[in-house]
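Chain by chain, the residues run as shown.
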Amino acid sequence: MNQRPIIALDFPNKQEIEAFFTHFPQHESLFVKVGMEIFYQEGPAIVAWLKDQGHDVFLDLKLHDIPNTVERGMARLAGLGVSLTNVHAAGGIDMMEAGLAGLHKGTPTGARVPDLIAVTQLTSTSEAQMHRDQQILTSLQDSVLHYAKCAQTAGLQGVVCSAHEAKKIKEHTSENFIRLTPGIRPAGSAIGDQKRVMTPQNARKAGATMIVVGRPITQAASPYESYLAIKEAWEEQ
Ligand code: C5P
């Protein structure tokens, strides 16, 4: 798999995304992540607009509800033509299966069914917090692995995980099970609020199959140059 780095469009409105895109050549097709902030502000129209511009969309809304609600919600999201979307593995195998069923039902005939991946433990969750708040008393890594196996059992295409867990997940699932990792920082760049970060090269070596990068590109003085440098580092063998 040789996916472009996914750019997290963490902006409050469409105008700021338009301004951000002025730094890129007009016909450069990007893989972008639409999260809660921009989706709740602009609605589904933002996805249609990004697709019109020639970009692929990862819709990062992390659904977590009863299976029936997730199935119906996913059926609606499938109609937007996104490439990738997600749920929380903590919702359980039945909920993940329902999400997948919803995506299949909602995808227009002839169109590609979006890939569905599961969030394992959020990278902002520490082991101590997991013990205290979720009362999951295993190690964090065991919990992540367990959730990854549940996602595979449910028929999902992969998980969101920290690059530090990607290798183990690959060993316990399969080579082509998506390991999408945020917390990517080029060598020498600001870490911000991320705790466990990796360079693009090391993420690939650690077993990541897709990376999500936000601030190192969106806040850069030259976003396109930063994007190209990260892409090159990611694709380096
Ligand atoms: O700016 P930065 O590169 O840290 O952005 C990372 C993106 O990935 C943000 O949109 C953040 O919400 C998202 N993300 C994350 N950790 C997760 C899941 C998503 O950082 N576990």
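One can find the structure itself at the top, above this paragraph.
Residue positions within a chain follow its written sequence, with the count starting from 1. Two thresholds apply to this predicted model, a pLDDT of at least 70 for residue-level local features and 80 or more for giving and counting side-chain atom pairs, whereas whole-chain, interface and lining totals are computed over all residues. Note that water and hydrogens are dropped before the side-chain values are worked out from all heavy atoms of the structure.

(A) Structural detail: the nonpolar core. To qualify as a nonpolar core, a set must consist of buried Ala, Val, Leu, Ile, Met, Phe, Trp, Tyr and Cys residues joined through side-chain atoms within 4.5 Å. Throughout, exposure labels follow a simple rule: accessible area from a 1.4 Å probe, protein chains only, divided by the maximum for the residue type, with under 20% read as buried, over 50% as exposed, and the rest as partly exposed. Within the largest apolar cluster, 59 residues are counted, with the highest numbers of intra-cluster contacts made by L9, F21, I46, L50, V87, M96 and L156. Contacts between residues were defined by any pair of non-hydrogen atoms, one from each residue, lying within 4.5 Å. Here F21 is in contact with L9, L30, V32, W49, L50 and H55, once residues within four sequence places are set aside. Counting residues in hydrophobic clusters, the runner-up holds 12 residues, among them A8, L84, I117 and V160.

(B) Representation of the site of the ligand within the structure. To be near a molecule or strand, a residue needs just one of its heavy atoms within 4 Å of it. Surrounding the ligand, one finds 13 residues, the nearest of these being D10, R185, Q194, G214 and R215. Within 3.5 Å is the distance limit for a polar contact, defined as a pair of N or O atoms, with the added protein rule that one can donate a hydrogen and the other accept it, and that residues adjacent in sequence qualify only through two side-chain atoms. The separation between an oxygen atom of the ligand and a polar side-chain atom of R185 is 2.8 Å. At 2.7 Å, a side-chain N or O of R215 approaches an oxygen atom of the ligand. Residue burial considers only the protein chains on display, and all accessible areas are found by Shrake-Rupley using a 1.4 Å probe. Alone, the ligand offers 470 Å² of accessible surface; in the complex the protein occludes 84% of this.

(C) Broad picture of the packing of helix 5 (residues 93-106) against helix 7 (residues 140-153). To get an axis, fit a line to the C-alpha atoms, keeping to the stretch in contact for a helix; angles then go from 0 to 180 degrees between the N-to-C directions. The helix and strand labels rest on DSSP assignments: H or I over at least four residues marks a helix, E over at least two residues marks a strand, and numbering proceeds from the N terminus. Between helix 5 and helix 7, the least distance of the axes is 9 Å, while the angle of their chain directions is 45°. As summarised for this structure, helix 5 and helix 7 are arranged oblique, according to the angle between their axes. Relative to helix 7, the crossing made by helix 5 is right-handed. Residues I93, M96 and E97 of helix 5 form the contact with helix 7, whose own contacting residues are C150, A151 and T153. Put simply, Ala, Val, Leu, Ile, Met, Phe, Trp, Tyr, Cys and Pro go in the nonpolar bin, Asp, Glu, Lys and Arg in the charged bin, and everything else, Gly too, in the polar bin. Looking at the contact of helix 5 with helix 7 residue by residue, the class counts come to 4 nonpolar, 1 polar and 1 charged. Angle categories: roughly parallel below 35 degrees, roughly antiparallel above 145, roughly perpendicular from 65 to 115, and oblique for all the rest. Crossings are sorted by hand: turned counterclockwise from the far helix by less than a right angle, the near helix makes the crossing left-handed, and turned clockwise it makes it right-handed.

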